[in-house]
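Descriptive analysis of the structure
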Amino acid sequence: MTAPLHGRKIAAAIAMASIAAIVLSACSGGSEQPEGGGSEDPIVIGISLPLTGDFSEPGKGVERGYEAWRDIVNESGGLLGRQVELKILDDQSNADRVVSDYESLIAQDGVDLVFGPFSTRLVVPSARVAQEYGMLFVEPAGAAAEVFEQGFDNLFYAAPAVADDHYNNLADYLLALPETERPETVAVAAMDDPFAQGTAYGLRDKLEAGGVEVLVDEVYPPNTTDFSTIAAKIAQSDADMVIGGTQYQDAVNLIIALQQLDYQPELAAFSTAPTNPEFAAAIGNATEGILAPTGYSPTSEFPSNVEFVEKYTEMHGNPPAEDEANAYTTGQVVAAAVEAVGCAEQGECQQQLIDWLHDNTVDTVVGPLSWDETGKPNGAHLIQQWIDGEILIVLPEDVKEGDFLFPKPTW
């Protein structure tokens, strides 16, 4: 016996509906959608990071920080009672790629929120995309002056100070010394990168204005690996102080090249690299006395930092470094706005989040943060120095963990 025709049509319709349901479930990751609008759906945050290419080392640190923030937030119940998911793409340290990544995340994937990438070179073009779509854009590593000269009203830098001001505490200290005790000459080498140059030139310009003579001032491409020529110029100058506007591997290579020439400065300051967990192993016993600005210390007693350091250390076996902390801070800043405003989606919600951050201060692992109308933070960086195998805060005096070493020991 065969079923009546209309019965076969009904059965076929049911079968097709079942197939469609299976396909839709697979496309959505197999999760069931709750009745009445999906309030239990995860909040999806889109991110593009340089996981390969020139900025991959710090980029991976930012990734670890973002992932730690997600895990800790989800353990506490998520945002607005919803779990958080991160969708992270690799922009390969390429500005064109980062633009297409954020366009895809926002327009095609429909993520609810976005976090920024690493490096000023990638922050500026990606922030422009975010602004075109009306998205809040909090970023952990775009501190060069040009970031805040673009007219962005959606951007906020999740750290205490911009690149030009990173070394203010060091410059103030050195220039307050008697003229017979302060450095008389300086050599500068900086990567052709807005952030790296910003940190180096901020210190260079302040010292030069105070009477310190600049003997060497070199710029090198981001992919430079051979520093023999630059190191030779610095060594031949015999400058009292060397300033490196660096990321990570370039600083390691430059220091090793200077060691090989037996150049012994009285002071050596390198941006970013000395705070990296791999730095000491990379340059051997040469760390002693090296300086670096930092917006973060794992020993700070800000309430959320105590929890962050404890849980991050449980996850990774070591405390977080600055890149991880700035990424975590990015999450905290966005989360504060989301919880205060009560929404996390594209559309009108984004402007509400932006407006709230312009008007409020957020407590983070790097301390309280507030911003001017350009997204520039109203704060200052600490100065750290390697002392007896540890990197300790030495300036300003009121928060120091160790005494400033000057002149630095030989490397």
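Summarised in this report is the structure supplied together with it.

This paragraph deals with the pattern of salt bridges. In total, this model carries 12 salt bridges according to the counting rule given. Its salt-bridge partner being Asp 71, residue Arg 70 comes within 2.9 Å of it at the nearest N-O pair. The residue Glu 218 makes a salt bridge to Lys 233 at a minimum N-O spacing of 3.1 Å. Of this pair, Glu 218 sits in strand S7 (residues 213-220) while Lys 233 sits in helix H7 (residues 228-237), placing them 15 residues apart in sequence. Since its relative accessible area comes to 37%, Lys 233 is described here as partly exposed. Three or more residues are tied together by salt bridges with common partners; here these are Glu 75, Glu 307 and Lys 311.

What follows covers the pairing of strand S2 (residues 84-90). Summarising the sheet, strand S1 (residues 43-49) and S2 pair through 7 bridges and their orientation is parallel. Considered in S2, the bridge of Ser 48 is made with Leu 89. Crossover handedness for the path S1 to helix H2 (residues 56-75) to S2: right-handed.

Before going further, it helps to examine the sheet that holds strand S3 (residues 113-114). Strand pairing within a sheet occurs via backbone hydrogen bonds; the two strands may be parallel or antiparallel. Spatially, 3 strands are ordered S2-S1-S3 in an open sheet, and the strand pairing comes out parallel. Two strands close off the open sheet at either side, each with one partner strand: S2 and S3. When S1 meets S3, the two strands line up parallel, connected through 2 bridges. Residue pairing in the sheet places Gly 46 in a bridge with Val 114 of S3.

What follows deals with helix H3 (residues 95-108). Under the 1.5 Å per step criterion, the end-to-end length of H3 is 19 Å for 14 residues, consistent within 8% with the ideal 20 Å. For H3, the set of buried residues is Val 98, Asp 101, Tyr 102, Ser 104, Leu 105 and Ile 106. Those residues of H3 hidden inside the fold are in contact with S1, S2, S3, helix H4 (120-132) and strand S4 (137-139). With a side-chain oxygen lying 2.9 Å from the backbone nitrogen of Asp 96, the N-terminal cap of H3 falls on Asn 94. At the C-terminal side of H3, Gly 110 shows a positive phi close to 65°.

Definitions and limits used
Residues numbered from 1 in each chain as written. Predicted model: local features only at pLDDT ≥ 70, side-chain atom pairs only at ≥ 80, totals over all residues. Heavy atoms only, no water. Salt bridge = Lys/Arg side-chain N within 4 Å of Asp/Glu carboxyl O. Helix = DSSP H or I, 4+ residues; strand = E, 2+ residues; numbered from the N terminus. Buried < 20%, exposed > 50% of the residue type's maximum accessible area, 1.4 Å probe, protein only. Pairing = 2+ DSSP bridges. Right-handed = clockwise from strand over helix to strand, strands pointing away. Expected span 1.5 Å × (residues − 1). Contact = heavy atoms within 4.5 Å. Polar contact = N/O pair within 3.5 Å; in protein donor to acceptor, adjacent residues only side chain to side chain.

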